[in-house]
Amino acid sequence: MKIIVDAMGGDNAPVSNVKGAVEAVRELGVEVALVGRGDEILAVLQDLGCDAPPPGIEIVHASEVVEMEDNPATAFKEKKDSSLTVGLNLVKDGKGDAFVSAGSTGALLSGATLLTKRIRGIRRAALAPQIPTPSGGALLIDAGATAECTPEYLLQFAFMGSYYAEHILGRPEPRVGLLNIGAEESKGGALQRESYALLKKAADEGRIHFIGNVEARDAVLGAADVIVCDGYSGNIFLKTLEGTALFLSGELKKMFKKNVGTKLGAVLVSGGLRDFKKLMDSREVGGTPLIGISRPVIKAHGSSDDYAIKNAIAQAAKFAASGTIENITENVAYMRLPVNKTDEVTEKI
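This is a predicted model, so every value here is computed, not measured.

Along the chain, the regular secondary structure elements total 14 helices and twelve strands. Relative to a compact globule of 349 residues, whose C-alpha radius of gyration would be 20 Å, the chain shows 21 Å and is just as compact. Along the longest, intermediate and shortest principal axes, the C-alpha atoms of the chain span 65 × 65 × 35 Å. The buried share of the chain, taken over its 349 residues, is 50%. For the chain, the proportion of contacts with a sequence separation of at least 24, taken over those separated by at least 6, is 72%. When the accessible surface of the chain is split by element, carbon and sulfur atoms take 54% of a total near 16,200 Å². With 39 positive and 44 negative side-chain charges, the chain shows a spacing of 3 Å between the two charge centroids.

See below:
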């Protein structure tokens, strides 16, 4: 298994990316190709005590870097020798099994869509992060790749999320819920109501395990294994959850530092606090899969350290070996609506 890593993407590149790759090779038994400026990658390896790339590590030189201020829609075209563009092309050409980048989300989405391509028949790829829940986590799809969706997009998100949750999260019959403002079938706008009908039909045919609408509160409490929504709603939901977690963590920290008694209490519950911190730590998952692309692509957080990069590589390897993309490809016919000429043109793009 060879994972292609964008060595220059992210706030802490290339140091964290190279260190994370070395840890992944040592602990996971994968091979990693680090794509980026060779001299900078070698300098990090030398700081780690390696005069040359260690076994399992390959360096693929790319002279350019996609910066956060670059136009995400065109950066991968304008910088054809960037670590992101070169890395995506390696995966497209079968020279690696999956791609990991902590760089620009927009550039990665555009590049993966236009270089690596979507699975034939899939209208839009989706960002699908895992959110913490009491039942072991849930997949949120979409979390921002497509702000404005059609009912067909949400139908496809439900299928793709269901396959990913089954293979990666280990849920044999993942519960699929439609994010909405109420549990009743009549709730929401036209998008939610029309999507509900499509999801219910798919459930009646035995294609997915659709449990109906779920409110954001219930989704966080573990009501569903797959939370389906448009990218606009999903991104707000995700950012609100992240902000709430930061707020609660900060308040807990202040509370336990208040006086001698609370500091003693912190010592007594230190194990529980560590578990809570780990539950809310995005580094444990590593990254967000871009589902719907023909090859496995993982978006790591821009602030990823070496531990997060290592886990993103582990996630990429698991994704590549899971059969999820094959499942989606084999079942595309069940998640498509009749096409018109406009759709056919869009599909070719």
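Text resumes after the structure shown.
Once that is clear, we can look at the sheet that holds strand 1 (residues 2–6). Across the sheet, which stays open at both edges, the seven strands sit in the order 3-2-1-4-12-11-5 with mixed pairing between neighbours. Edge positions in the open sheet fall to strand 3 (57–61) and strand 5 (126–127), since each of these has one partner strand only. This element, helix 1 (residues 15–28), spans strand 1, strand 2 (31–36) and strand 3 of the sheet and lies at about 165 degrees to strand 2.

For the rest of this paragraph, the subject is the pairing of strand 7 (residues 138–141). Burial along strand 7 is two-sided: A138 and L140 facing one way and L139 and I141 facing the other are all buried. Of the strand pairs in this sheet, strand 6 (residues 130–131) and strand 7 are connected by two bridges, and their pairing is antiparallel. If you follow I131 over to strand 7, its bridge partner there is A138.

So, how was this worked out
In every chain, residue numbers begin from 1 and rise along the written sequence. Totals for whole chains, interfaces and linings use every residue, but because this is a predicted model, local features are given only for residues with pLDDT of at least 70 and side-chain atom pairs only at 80 or more, for both listing and counting. Water and hydrogen atoms play no part in the side-chain values, which are based on all heavy atoms of the structure. Secondary structure elements are defined from DSSP: runs of H or I of at least 4 residues count as helices, runs of E of at least 2 residues count as strands, and each element is numbered from the N terminus. Atoms counted for the radius of gyration: C-alpha only. Globule rule: 2.2 Å times residue count to the power 0.38. Think of it in three bands: residues with accessible area under 20% of the maximum for their type are buried, residues over 50% are exposed, and the middle band is partly exposed, with areas taken using a 1.4 Å probe on protein chains only. Whether two residues are in contact is decided by their heavy atoms: any pair within 4.5 Å suffices. In this description, accessible areas are obtained by the Shrake-Rupley approach with a 1.4 Å probe, and a residue is regarded as covered only by the protein chains that are shown. We count Lys and Arg on the positive side and Asp and Glu on the negative side, and we leave His and both chain ends out. In plain terms, the charge of a residue is placed at NZ if it is Lys, CZ if Arg, CG if Asp and CD if Glu. When DSSP finds two or more bridges between two strands, those strands count as paired. Note on method: axes are straight lines fitted to C-alpha atoms, helices fitted across the in-contact stretch only, with angles between N-to-C directions ranging 0 to 180 degrees.

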